[in-house]
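What follows is each chain in one-letter form.
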Amino acid sequence: MESFLIKGGLPLRGEVTISGSKNAALPIMAATLLTDEPCVIRGVPDLSDTQFMALILKSLGAEAKFENGTLSVRAKKIHGHADYELVRKMRGSICVAGPLLARLHKAEISLPGGCVIGARPINLHLKGFESLGAKIEIAGGYVRATAKKLTGCTAFLGGRAGSTVLGTANVMMAATLADGQTVIESAACEPEVVDLANFLNAMGANISGAGSPTITITGVAKLHGAEHQIIPDRIETATFAIAAAATNGEVTIKNCRPDHLRAVLDKQRAGSMTIRRGKKLAAVDVTTLPYSGFPTDAQAQMMSLLTLVPGISIITERIFESRFMHVSELARLGAEIEIEGPSAIVKGGRPLNGAPVMASDLRASAALVIAGLAAKGQTQVNRIYHLDRGYEKMDVKLRKLGAKIQRVEEK
Ligand code: EPZ
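Residues numbered from 1 in each chain as written. Predicted model: local features only at pLDDT ≥ 70, side-chain atom pairs only at ≥ 80, totals over all residues. Heavy atoms only, no water.

### Description of the domain arrangement of the protein
Where we set the bar: Per the annotation, domain bounds derive from an automatic or database assignment of domains. Residue contacts follow a heavy-atom distance rule, with two residues in contact if any of their heavy atoms lie within 4.5 Å. Think of a salt bridge as a Lys or Arg side-chain nitrogen and an Asp or Glu carboxyl oxygen that are within 4 Å of each other. Pairing of N or O atoms within 3.5 Å defines a polar contact, subject to two protein rules: one partner must be a possible hydrogen donor and the other a possible acceptor, and residues neighboring in sequence count only if both atoms are side-chain atoms. Gly is put with the polar residues, along with every residue not named as nonpolar or charged; the nonpolar set is Ala, Val, Leu, Ile, Met, Phe, Trp, Tyr, Cys and Pro, and the charged set is Asp, Glu, Lys and Arg.
Under the domain assignment used here, the protein contains domain 1 (2-19 + 233-409) and domain 2 (22-223). For domain 1 versus domain 2, the distance between C-alpha centres works out to 30 Å. With 23 residues of domain 1 in contact, the opposing surface of domain 2 contributes 19 residues. Where domain 1 packs against domain 2, one counts three salt bridges. Among the ionic pairs, E192 bridges to R234, the shortest N-O distance being 2.8 Å. Between domain 1 and domain 2 we count 11 residue pairs in polar contact (both at pLDDT 80 or more) in total. When grouped by side-chain class, the residues that make up the side of domain 1 that touches domain 2 number seven nonpolar, five polar and 11 charged.

The structure is reproduced here in structure tokens:
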């Protein structure tokens, strides 16, 4: 297993170019199953998750070629069985269910397990499929959705933590080929849902309202091939912006959409932006919310920054039930953080000192890298395979910004 070896205390300076959004790419890659014609998706980040999704598409019978960020797919003849061995490795693969149900009227997907950040149920996905007329059976660790036909409906996708991003994606994709009109109420409003709707419309779907809590999909008989450019990754943007602030550096972030990050940056410029610490950083309270609230995927990274800011900051996680795995590892670097239910109370201001730490999930790994960059001395972040799932060449990008970071084999 690989680790990052970081010599901290150096300000990040220079330019970084953001990659395409992982969380837009995965459902858009699944959407190529909706047509037997060729699709070309550009700006797909080269990650273990996207490589894996390409493998899943091939396992379903599609031809898929992924080269230099461009994915060419032709799902000419496909079947509807997504194997346990594949799905268990990436729960995002659940988003092939909607396209398979729409195209084949049958989808058999291994139930995605939970992960360290929460139970990650799919009840809202299945509720949406049932509203469209599908029959759902669960047996042997598989969920099997079948339908004689799919009929437009009103599907309410609100759950205990707001809406569901991949649930909205799944139901929206299934509805594109249903008879009649479907209205998704309490839909997820994330930019990744909008990017998927744009791709589906380019394929000939008839979708309006994406980005709002009410999405209307008028079913069509068939979808054709299309080309698409994935939006920039707003969470990678937030990660580098926070890293710039944490190291008291000055970083110009290119190929980003600041308007997708209002809650994190409060800036509205297209294209690029420069992050530098303005006046003194102040302790803040942060609560993660569905879009356009503060994104849960930037919570851990923000916590690393707030450990450096004198004063008390309170971070409340409202989306997932256990997304504080990074707290104990940050404490190994000297951070003072107490967890009280859904909140973490950060007593910031003491400098961090380097130490070996363990990554537990994708965004916790990013938080530990940021803390290591800011800490005095050396930090070794172990198990960075978690990080490689969602960040394209993060060590290369950070070295270009002056960071002393090496990828090494974990001793
Ligand atoms: C997407 O996951 C993202 N992943 C996650 O990013 C992100 O954290 C999450 O949305 C929330 O923004 C991808 O897009 C591949 P949800 P998703 O369904 O769609 C509950 C990252 O770090 N829920 O919006 O799986 C669920 O338990 C990853 O890049 C139900 O109760 O998340 C959670 O508490 C991590 N029933 C909340 O809703 C359901 O049927 C939000 O989950 C579905 C979800």
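More follows now that the structure is in view.
### A short note on the packing of helix α8 (residues 234-246) against helix α10 (residues 299-306)
Inclusion rule: Axes here mean lines fitted to C-alpha atoms, for a helix over just the part in contact, with angles spanning 0 to 180 degrees between N-to-C directions. Where helices and strands are cited, they refer to DSSP runs of H or I of at least four residues and of E of at least two residues respectively, numbered from the N terminus. Put simply, angles under 35 degrees are roughly parallel, angles over 145 are roughly antiparallel, angles from 65 to 115 are roughly perpendicular, and the rest are oblique.
Where α8 contacts α10, the axes come no closer than 9 Å and their chain directions differ by 5°. With respect to their mutual orientation, α8 and α10 come out roughly parallel. For the pair α8 and α10, the contacting residues are I235, T239, I242, A245 and A246 in the first and Q301, M302 and L305 in the second. Within the contact of α8 with α10, the residues separate by chemical class into six nonpolar, two polar and no charged.

### Some thoughts on the nonpolar core
Most often, soluble globular proteins keep nonpolar side chains buried together rather than apart. The test is simple: For the purposes of this section, nonpolar cores are sets of buried Ala, Val, Leu, Ile, Met, Phe, Trp, Tyr and Cys residues that join through side-chain atoms within 4.5 Å. Each residue is placed in one exposure class: buried if its accessible area under a 1.4 Å probe, protein chains only, is under 20% of its type's maximum, exposed if it is over 50%, and partly exposed if it falls in between.
Counting residues in hydrophobic clusters, the biggest one holds 76 residues, and the most contacted among them are L33, L34, V96, I109, M172 and L200. For this core, the element with the most residues is helix α1 (residues 22-31), which contributes seven residues. Not counting chain neighbours up to four residues away, the residues in contact with M172 comprise I184, V193, L196, A197, L200, I207, I215 and I217. With 62 residues, the next largest nonpolar core counts A246, L330, V346 and M394 among its residues.

### Some remarks on the sheet that holds strand β1 (residues 2-7)
Basically, it comes down to this: Pairing between strands requires that DSSP locate at least two bridges from one strand to the other.
Spatially, four strands are ordered β21-β22-β1-β23 in an open sheet, and the strand pairing comes out mixed. Two strands close off the open sheet at either side, each with one partner strand: β21 (356-358) and β23 (404-409). The average angle at which neighbouring strand axes cross in this sheet is 25°, direction not considered. Where β1 and β23 come together, six bridges link them in antiparallel fashion. Directly across from L5, in β23, lies its bridge partner Q406. Along the sheet, helix α12 (residues 362-374) makes contact with β1, β21, β22 (378-382) and β23, crossing β1 at roughly 30°.

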